[in-house]
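In case you want the letters, here they are:
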Amino acid sequence: ISCKEYHEKYKSKNDKPHVLLDVRVKRQYEMCALDNSINIPLNEIKEKIEEIEKLSDGGTKPIFCLCRRGIASAEATRIIQDAIGAASHDGILSVYNIDGGLNAWVEEVDPSFPKY
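Residues numbered from 1 in each chain as written. Predicted model: local features only at pLDDT ≥ 70, side-chain atom pairs only at ≥ 80, totals over all residues. Heavy atoms only, no water.

Digging into the sheet that holds strand 2 (residues 37–39)
With respect to topology, 4 strands assemble into an open sheet ordered 2-1-3-4, the strand pairing being parallel. Every interior strand has two partners, whereas the edge strands, strand 2 and strand 4 (95–97), have only one. Neighbour to neighbour, the strand axes of the sheet diverge by 30° on average, direction disregarded. Both strand 1 (residues 19–22) and strand 2 contribute to a ladder of 3 bridges, which runs parallel. Each residue of the ladder has a partner; that of Leu20, found in strand 2, is Ser37. (Pairing = 2+ DSSP bridges. Helix = DSSP H or I, 4+ residues; strand = E, 2+ residues; numbered from the N terminus. Axes fitted to C-alpha atoms, helices over the stretch in contact; angles between N-to-C directions.)

Now the structure itself:
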């Protein structure tokens with residue numbers, strides 16, 4: 001999903017219930033982050049899959065993965081999709097990667113957001 005599409009469907013006036021999972025390392029997350037995002041670094045995704053499942057609220061909230069450039073979040077999306085596919089975590093129904101990450105966010109949605 002593009003940053004613009006995510007913003008229009010989930011962050012702007014609609015504000016549909018969802019989970020925004022920022023998979024950057026903690027230091028980067030503390031530098032700047034989108035409102036209401038939850039930080040679980042990529043290297044912790046597998047061990048925190050049950051926590052992610054709870055955040056998804058029984059699958060009622062889609063999960064959107066985000067990072068700086070869209071590479072780590074694509075990997076996080078794959079890891080979560082694999083967990084769904086293994087049927088061991090049926091409390092997650094949908095997971096999406098936000099293409100281009102925060103760098104694309106600056107270009108497509110909010111030029112005032114810090115770019116590093």
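A closer look at the packing of aromatic side chains
Per the stated rule, a full pass over the model turns up 5 aromatic pairs. Seen in terms of ring centroids, Tyr6 and Trp105 are 6.2 Å apart; in terms of plane orientation they differ by 55°. Their pairing is tilted. Of this pair, Tyr6 sits in helix 1 (residues 3–11) while Trp105 sits in helix 5 (residues 101–108), placing them 99 residues apart in sequence. On the basis of relative accessible area, Trp105 is assigned to the buried category, the value being 5%. Among the aromatic residues, ring-to-ring pairing joins Tyr6, Tyr10, Phe64, Tyr96 and Trp105 into one connected group. Taking NZ or CZ as reference, Lys16 lies 5.6 Å from the ring centre of Tyr10, over its face. (Phe/Tyr/Trp six-rings, centres within 6.5 Å; stacked < 30°, edge-to-face > 60°. Buried < 20%, exposed > 50% of the residue type's maximum accessible area, 1.4 Å probe, protein only. Lys NZ or Arg CZ within 6 Å of the ring centre and 35° of its normal.)

Things to note about the pattern of salt bridges
The full count for this structure, using the stated rule, is 7 salt bridges. Between Lys26 and Glu30 there is a salt bridge, and its shortest N-O distance comes to 3.9 Å. Residue Lys26 and its partner Glu30 are both found in helix 2 (residues 26–31); the two are separated by 4 residues, about one turn of the helix. Judged on exposure class, the residue Lys26 and its partner Glu30 are both exposed. (Salt bridge = Lys/Arg side-chain N within 4 Å of Asp/Glu carboxyl O.)

Focus on helix 5
Of all the 8 residues making up helix 5, 6 are buried; the element is thus mostly covered by neighbouring parts of the structure. Buried within helix 5 we find Gly101, Leu102, Asn103, Ala104, Trp105 and Val106. In this structure, the buried residues of helix 5 make contact with helix 1, strand 1 and strand 3 (63–66). (Contact = heavy atoms within 4.5 Å.)

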